[in-house]
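Topology and contacts: notes
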Amino acid sequence: GNAAYAAKKYGQAIWHYERARQTSPRDADILQNLSLAQKAAGMLNRETPTLAERFGSLLSAEGWVLVACLGLWASVATLLVIVMMRWRGAIPAGVLLLCLFIFAIGGAGAVNTLAAQQNGIVIADETPLLLAPASKSPSAGLLVEGQSARVLDLMKDYARVCTRDGKTGWVSLADFTPLF
């Protein structure tokens, strides 16, 4: 990311910083470098992350899977203890519900983190958003360097994407790189 930034290839720099952010979502250096690259690419009005994206970025995908696994195994262990010891009452039920809640939170975090990884970044100065996966297809708009879009489908040298503002179309993979 730093080498691409120094070479003024801001779209590529943003792509590298986004990839780094997937493994360390709260690293201050990565977030600072990403912000600098976005400003250099002219993305002053950075897209505000949704609540689900902010929640998913609290941990990496591996961290959320670990939380879900711990919640699942704690639920199983608690259930076994309740059955074997024939515990009754509010405390064992509350402990079991807490463990199931931790499992659900971990699962939701993992899903949100993995969904964010289905995005891609425009690495060219401007790239047309095409109506069909062909170079001679009419354009439905332009995407700018550093802009992110959700990848819906891949076909040979093209990706079908959806932008934050809801526009869908095809972009050349020479100008757009998925994060996954």
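Refer to the structure above for everything that follows.
Notes on the structure in this doc start here. One numbering rule holds for all chains: residues counted from 1, following each sequence as written. Where local features are concerned, this predicted model is filtered to residues with pLDDT of at least 70; where side-chain atom pairs are given and counted, the filter is 80 or more; whole-chain, interface and lining totals use all residues. With hydrogens and water set aside, each side-chain value is computed from the structure's full complement of heavy atoms.

1. Some details on the pattern of salt bridges
Cut-off, in case you're wondering: The working definition used for a salt bridge is a side-chain nitrogen of Lys or Arg within 4 Å of a carboxyl oxygen of Asp or Glu. We count a stretch as a helix when DSSP gives it H or I for four or more residues in a row; a strand needs E for two or more, and each element gets its number in order from the N terminus. Each residue is placed in one exposure class: buried if its accessible area under a 1.4 Å probe, protein chains only, is under 20% of its type's maximum, exposed if it is over 50%, and partly exposed if it falls in between.
All chains considered together, the criterion is met by one salt bridge. Between Arg21 and Glu18 there is a salt bridge, with its nearest N and O atoms 2.7 Å apart. Placement of both Arg21 and Glu18 in helix 2 (residues 10-23) is noted, with a separation of three residues, approximately one turn of the helix. On the basis of relative accessibility, which here comes to 24%, the residue Arg21 falls in the partly exposed class.

2. A few points about helix 2
Threshold: By definition here, a helix of n residues has an expected span of 1.5 Å times n minus one.
If you check helix 2, its first and last C-alpha atoms are 20 Å apart, about what 14 residues at 1.5 Å a residue would give, namely 20 Å. Buried residues of helix 2: Tyr10, Gly11, Ala13, Ile14, Trp15, Tyr17, Glu18 and Gln22, and no others.

3. Some thoughts on a nonpolar patch on the surface
Spelled out, the test is: Patch membership requires over 30% relative accessible area and the absence of a salt bridge. Like charges are linked within 9 Å, and nonpolar side chains (Val, Leu, Ile, Met, Phe, Trp, Tyr) within 5 Å. For accessible areas, the Shrake-Rupley method is used with a probe of radius 1.4 Å. Any residue's cover is judged against the shown protein chains and nothing else.
A surface patch of nonpolar side chains, amounting to about 940 Å² of accessible area, comprises Leu72, Trp73, Val76, Leu80, Val81, Met84, Met85, Trp87 and Phe103. Considering every element that reaches the nonpolar patch, the biggest residue donor is helix 5 (residues 61-85), with seven residues. Tracing the backbone shows Met84 in helix 5.

4. What to know about the nonpolar core
This is how it is decided: Residues belong to a common nonpolar core when they are buried Ala, Val, Leu, Ile, Met, Phe, Trp, Tyr or Cys residues joined through side-chain atoms within 4.5 Å. In what follows, residue pairs with any heavy atoms lying within 4.5 Å of each other are defined as contacts.
Ala4, Ala13, Ile14, Trp15, Tyr17, Leu34, Ala37, Met43, Ile121 and Leu179 together form the largest nonpolar core, which totals 10 residues. Residue contacts for Ile121: discarding those within four places in its chain leaves Gly11, Ile14, Trp15, Glu18, Gly146, Gln147, Ser148, Asp175, Phe176, Thr177 and Leu179. Ranked by size, the runner-up nonpolar core spans nine residues in total, among them Val122, Leu129, Val151 and Ala159.

5. Let's talk about the pairing of strand 6 (residues 168-172)
Using the following cut-off: Two strands qualify as a pair provided DSSP detects at least 2 bridges between them.
Pairing between strand 5 (residues 158-162) and strand 6: five bridges, direction antiparallel. Of the residues in strand 6, the one forming a bridge with Ala159 is Val171. Hairpin connection, strand 5 to strand 6: the antiparallel pair is bridged by five residues, and Gly166 has positive phi, about 90 degrees.

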